[in-house]
Amino acid sequence: MTMNLFKNLHAMKKISMLIMVFLLLVSTACAHESKDAKSSATGELSNMKISIQITSESGNHTLTAMLENNSSAVAFYELLKKGSVTISMRDYGSFEKVGSLGKTLPRNDTQITTSAGDIILYQGNQITIYYDTNSWNFTRLGKVDGVTQAELKKILGKGDVTAVFEIAE
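Attention shifts here to unusual backbone geometry. Notably, serine 94 is not glycine yet its phi reads approximately 60°, a positive angle. Looking at where serine 94 falls in the secondary structure, it is placed in the loop between β3 (85-92) and β4 (96-100). Judged by relative accessible area, serine 94 falls into the exposed class, the value being 54%. Its identity is not glycine, yet glutamine 123 carries a phi of approximately 55°, on the positive side.

Structure (structure tokens):
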């Protein structure tokens, strides 16, 4: 009887070991698959470059921007895949141009201090381009490339502007 008990315990130990090895292999495979999916998504996000055609009192200007890695920026990019988006923007507070998007995007608001060139989603349905600083709960969509604060102030001018957002070629 002791021998049978010993054999049964040995068999149970083998089965337990096989189950543990199986679970380890499955968890390793899932972790690898998750990492690949994240890399793929990040690769897509790293290519979210847009252009912005600005028409203002100072003329016509083309800016480029890289979008952020958040669901708001992805939703904005997906919107731009359907075609360009034109926004009439007005000055607000002598630090930004703001205009209605005409749609609501998901928000990822955090307390931030903007800087010149920040493209911000405000209240989920307004787009702003900052040419100076402001602190508030905002969702950062992206950042204009290679333009100084002084250049951006000149491009955006003092009056209303029209901004056409589209995917950069």
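Once that is clear, we can look at helix α3 (residues 149-156). Those residues of α3 not exposed but buried are Leu152, Ile155 and Leu156. Projection of α3 onto a plane perpendicular to its axis shows the buried side chains occupying an angular sector of 90°, all on one side. Facing away from the buried surface of α3 by more than 90 degrees, the exposed residues are Ala150 and Lys154. The secondary structure elements touched by the buried residues of α3 are β1 (49-56), β2 (59-67), β4, β7 (126-130) and β9 (161-167). Note on α3: the residue one or two positions beyond its end, glycine 157, has a positive phi of about 65°.

Before going further, it helps to examine the side chain of lysine 97. Structurally, lysine 97 is set in strand β4. A distance of 3.4 Å separates polar atoms of two side chains, one belonging to lysine 97 and the other to aspartate 91. Filtering out sequence-adjacent residues up to four positions away, lysine 97 remains in contact with Met89, Arg90, Asp91, Ile127, Thr128, Ile129, Tyr131, Leu156, Gly157, Lys158, Gly159 and Val161.

Further remarks concern the confidence of the model for the protein. A low pLDDT means the predicted coordinates there should not be read in detail. Per-residue confidence for the protein gives a mean pLDDT of 84; residues scoring 70 or more make up 75%. Note on residues 28-43: pLDDT is under 50 here. Beyond four places in sequence and across chains, it has 0 contacts.

Moving on: the pattern of salt bridges. Taken as a whole, this structure holds 7 salt bridges when the rule is applied. Taking the shortest distance from any N to any O, the salt bridge between aspartate 145 and lysine 49 comes out at 2.4 Å. Residue aspartate 145 is found in the loop between β8 (135-144) and α3, and its partner lysine 49 is found in strand β1; the two are separated by 96 residues along the sequence. The partly exposed category is assigned to aspartate 145, whose relative accessible area is 27%. Salt bridges sharing common partners tie together Asp118, Arg140 and Lys143.

Quick look at the packing of aromatic side chains now. Under the criterion given, the structure shown has 5 aromatic pairs. Aromatic pair tyrosine 122 and phenylalanine 138: ring centres 6.0 Å apart, planes at 65°, arrangement edge-to-face. Of this pair, tyrosine 122 sits in strand β6 (residues 118-122) while phenylalanine 138 sits in strand β8, and the two are 16 residues apart along the sequence. The class for phenylalanine 138 is buried, based on a relative accessible area of 3%. Centre to centre, the rings of tyrosine 130 and phenylalanine 138 are 5.8 Å apart; their planes meet at 55°, and the pair counts as tilted.

What follows covers the side chain of threonine 128. By the secondary structure assignment, threonine 128 is in strand β7. Classification of threonine 128 by relative accessible area gives buried; the value is 0%. Apart from the residues within four sequence positions on either side, threonine 128 is in contact with Met89, Glu96, Lys97, Val98, Asp118, Ile119, Ile120 and Tyr122.

Rules used in this analysis
- Residues numbered from 1 in each chain as written.
- Predicted model: local features only at pLDDT ≥ 70, side-chain atom pairs only at ≥ 80, totals over all residues.
- Heavy atoms only, no water.
- Helix = DSSP H or I, 4+ residues; strand = E, 2+ residues; numbered from the N terminus.
- Buried < 20%, exposed > 50% of the residue type's maximum accessible area, 1.4 Å probe, protein only.
- Arc of directions from axis to C-beta.
- Contact = heavy atoms within 4.5 Å.
- Polar contact = N/O pair within 3.5 Å; in protein donor to acceptor, adjacent residues only side chain to side chain.
- pLDDT = per-residue confidence, 0-100.
- Salt bridge = Lys/Arg side-chain N within 4 Å of Asp/Glu carboxyl O.
- Phe/Tyr/Trp six-rings, centres within 6.5 Å; stacked < 30°, edge-to-face > 60°.

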